Each structure stands twice: as structure tokens, then as C-alpha cells.
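Structural overview for review
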Amino acid sequence: VSTQSTWGYQIFTGISWQMEPIDKKKSKKKEKEEEEEEGSEEEEEEEESFEKNPAILDKYRSAAIITSDVLKFVIGLCIPGADIWEVCQKGDKKIEEEVGKVYTSKKSKVKEKGIAFPTCINVNEVCGHFSPLKDESRKLVEGDLVKIDLGCHIDGFIAQIAHTIVIGADKAAKKVTAKKAEVVLAARNCYEAALRLLKEGNLNTQITKMIGQVSAIYKVSPVEGVLSHRVKKHMIDGDDVIINKTTTDQKVEEHKFEKFEVYVIDIILSTGEGKPKDTEQRTTVYKRALETSYSLKLKHSRSFFHTVNLKYPTMPFSIASFEDGTSARVGVAECINHDLLHIYPILAEKSGEFVAQFKATAVLLPSGTLVLNDYPFDKELYETSIKIEDKEVLDLLNAPLGRKKDQKGKDKPKTCLLYTSDAADERSSVDLGGRRIIKK
């Protein structure tokens, strides 16, 4: 079986197709049942647009709030001496706990909710997908540049987030300097620029170009193969994408952004060449390959695959979260051999280089772009002599995010929804499946 490497996962080719016999004497009852199924599928697809069903946007918001809360929780765990396996496990457990608090009533009709992307702690030169097994973990040390990446979903509607920190950084006593500071500030400014260019009528190529422009100022490299995907219900990697860097071998189709689309903006930059390689570390993050089916032979494999189909039918997962480690390891091997899983490999730059990442979920609304989970960033922690002098870049970064102006040139007042976990007055709040949103 040959493989073609991508950033998100590896696509396995050489899939064997299973042909079903054609029943020429199909009963009218069967035809009617199929027509009803097709009709219900069309209705479901129509409901997936929050333009017609505002409740869907509430689910995106609720998922995004959870990712922000969990990210804050995980950042608090990232201290010198912390074990990465423990941090990842606690992060995933926190996601499960938080989604368990929302949309609990039967009236919500929410059938699925949980992890959309497992908690990954990617240190220094590691680009992504590090959610280690207990016996293959490592501890964080002061000075480590750490990328925290995670996601959750409510009823299949996905929110993802990623943030970069430096262990032990302190703006009064120990600021981050040199290459670490430059790559973090470059990644953050690329992220801020991308969110401002993500609006109706703009092109995906405009964002790619701007990422290259900002990276050049800081003399760092966009990591090749990174894609920001449009997400839909149960689809974490939609076909409409923004590529981090265009190369001779890696190009994507140009397209315009349209209102009511949802994107996960993912920016990853490196102090190295931006050409990460597979590492020798064990891959633990996978996603079910829905296009393939096979009857597994081994008992451990069947047990493992049953759990995958039950808990993660459409979303990525980490085998580090499986209680039965033996079944997971054996099951992964047979599933991969028969193309039942997509692989998210652990990629890294050369040792001594540093990689920074910022990720958020954003919605294109008629009033502008709404960033659902923009986690606060403290620029005062980072110090560099590099300054942005490019007028185009400066004007973009200084532009307001997600606001339109009226005919007189003044910003229109907007309704802002702020999350609070405290009880709120019913008349001034909206209940998004159990979490309280205050109207301002």
C-alpha cells in the first residue's frame, strides 16, 4: 500500500472496492424507502446552514466557548515538570466534562457531542499531533515553546483552537527573546491578518500571500502543507481551504469566501525551512476512513474499532485515551493495514528550531467576521528588535475585526454576546444549551 503525505493526515491509496450485486427486481416498497431516505438527507443538509437555522450558530458558539475554557485550563497545567501525557489526558477529560453540561435536555435533540480533536502538546520543533502514550511521554521544562491544540463539537458542529506559550515566561523578569519571540510574534500577526482578510468576497489566495509577507518581515517560514479548512457538520476537513504556503507541488484551488461559511484558521510558522519531516515517535492520532469498510479478523481489533465507531465516528481521536492499550495498539495496526484509518503523523522541524501556532474558529456573517474563540495574547511577554514597517501590513493589523461601517463612516453598534458561567437574569440572557450568554 502506497501513501501520499499531507499535513492533516496520510491518505492511503490502493483501496479495494467492494461491489454490491444489482437487484433488477427492486420492490416498489424498497424504492419508496430509498426516496424517503434521500428526502430526509436533503432536509438535513438544508438544516446545516445557520442562515436558515440560527440554532446551529448557537452550537458552534457553545463548542467554541468550551474550547476556550479548556485551553485556559490546559495552559494552567503547562508548568515545569508537567508530564505531557497527563496534560493531554486531563485536557480531553475536561472537554468531555464540559460538553456534558450543555444541551442536556431531550428537546435539544443533540445526539452527539465530544472531542473533535484530541488535546495535543507540541513542544519546540514539533509541529503537531503529539498526544503520547503514557510510557512514551516527556516532561515540560522551563523555556519550552509549547503549542496547545484541541477541539470539540456539539451535534457535529466543530470548534477548534490552538495557542502558543513559553514555559516560565514573565514580562517583568523573563521575557521571551531571539528566535522564539520572533516566530511567536510572526505567527500571531499572521493569524490576526488572516482573520481580517477572512470576509465575504475576499480570496483564499489573499490570506496565503499575507502569511508570506508577514513571515518575511520576521525572517521565519510558513510551514508547508498546513491548511485552514472550511468546516461543516461532522466534517473537520472540508474541501474549501486556505494553504499556509504555496509551492510547486502544493497548490489549492482559488475561491471566494461567502457569508455563512465557517473556517478554522490555522497558522503555523517555523524558524527553520518550514519543511517538517516525519519523526520516529509513535503516531497516536487517527481518524476513521469512512470511504473504506473491512471485516477485521482479530478480536482486539474488532473491540478497538467498535469503540472508534461508537465514540469517534467522524472525528480525529488519540489512542492514548483508550483504557485498553493492548487492543488499541493491535487494533490500529490491523485497521491501518486495511485502510480503515487516516493517520495524523507527528511532524517536526530540525532540532534547535522553533515552531509557533495559532488557531481559531471564525464565522462569516453579513455584519462581518465573528471569531468564536480568539484566546487572549500578551505581546508584552515577547521582545524583538524587528518592527513591521510595511504600510499594507500595518493598515491591515490596525483595522477593526468583524465590523462594518454605516454610510456616515461610523462603526455600527452590534449585539455582543459574552459568556458567563454565573447565573444571569433570564430577561438579559440567552441559554445556549445550558451555558449562559449575556446580551450587551
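Residues numbered from 1 in each chain as written. Predicted model: local features only at pLDDT ≥ 70, side-chain atom pairs only at ≥ 80, totals over all residues. Heavy atoms only, no water.

1. Describing the overall build of the protein
- What the protein contains, in helices and strands, is eight helices and 20 strands.
- Here the protein, with 440 residues, has 51% of them falling under the buried criterion.
- Look at the contacts in the protein between residues 6 or more apart in sequence, and 75% of them connect residues 24 or more apart.
- Only carbon and sulfur atoms are counted for the fraction: they give 48% of the accessible area of the protein, which is about 22,800 Å². (Helix = DSSP H or I, 4+ residues; strand = E, 2+ residues; numbered from the N terminus. Buried < 20%, exposed > 50% of the residue type's maximum accessible area, 1.4 Å probe, protein only. Contact = heavy atoms within 4.5 Å. Areas by Shrake-Rupley, 256 points an atom, 1.4 Å probe, with all protein chains shown as cover.)

2. Details of helix α2 (residues 55-77)
- The end-to-end C-alpha separation of α2 is 34 Å, in line with the 33 Å expected for 23 residues at 1.5 Å each.
- For α2, the tally of buried residues reaches 17 of 23 residues, placing the bulk of the element in the interior. (Expected span 1.5 Å × (residues − 1).)

3. Notes on the pattern of salt bridges
- Under the criterion given, the structure shown has 19 salt bridges.
- Linked by salt bridges that have partners in common, Arg188, Glu192, Arg196 and Asp374 make up one network. (Salt bridge = Lys/Arg side-chain N within 4 Å of Asp/Glu carboxyl O.)

4. Notes on the nonpolar core
- Membership of the largest hydrophobic core comes to 47 residues, with the highest contact counts inside it found for Cys78, Ile121, Leu140 and Ile148.
- Elements with a minimum of two residues in this core: α2, α3 (84-99), β3 (113-123), β5 (145-154), β6 (157-166), β10 (262-270) and β16 (355-365).
- Formed by 42 residues, the second largest nonpolar core is a distinct cluster that contains Ala186, Cys190, Ile267 and Val371. (Core = buried A, V, L, I, M, F, W, Y, C linked by side-chain atoms within 4.5 Å.)

5. Some words on the pairing of β5
- Of all the 10 residues making up β5, 10 are buried; the element is thus mostly covered by neighbouring parts of the structure.
- Burial along β5 is two-sided: Leu145, Lys147, Asp149, Gly151 and His153 and Val146, Ile148, Leu150, Cys152 and Ile154, pointing in opposite directions, are all buried.
- By the bridge criterion, eight bridges tie β3 to β5 in an arrangement that is antiparallel. Each residue of the ladder has a partner; that of Cys120, found in β5, is Asp149.
- Bridging between β5 and β6 involves 10 bridges; their strand directions are antiparallel. (Pairing = 2+ DSSP bridges.)

6. Re the packing of aromatic side chains
- Within this structure, the stated rule accounts for 12 aromatic pairs.
- The cationic tip of Lys94 hangs over the ring face of Phe73; the distance from NZ or CZ to the ring centre is 5.2 Å.
- The residue whose ring lies beneath Lys359 is Phe117, and the NZ or CZ to ring-centre distance is 5.6 Å. (Phe/Tyr/Trp six-rings, centres within 6.5 Å; stacked < 30°, edge-to-face > 60°. Lys NZ or Arg CZ within 6 Å of the ring centre and 35° of its normal.)

7. So, the confidence of the model for the protein
- Taken over all residues, the pLDDT of the protein has a mean of 84, while the share at 70 or more is 80%.
- Within the model, the stretch residues 1-6 combines pLDDT values under 50 with 12 contacts to residues more than four positions away or in other chains.
- Under a pLDDT of 50 for its full length, residues 34-47 has, in the predicted model, five contacts with residues more than four places off or in other chains. (pLDDT = per-residue confidence, 0-100.)

8. A few points about the sheet that holds strand β11 (residues 277-278)
- Taken together, three strands build an open sheet; the order of strands is β4-β15-β11 and the sheet is antiparallel. What marks the edges here is a single partner per strand, and that holds for β4 (126-128) and β11.
- In the sheet, β11 pairs with strand β15 (residues 347-348) via two bridges, with the strands oriented antiparallel. From the neighbouring strand, Asp278 faces β15, where its bridge partner is Leu347.

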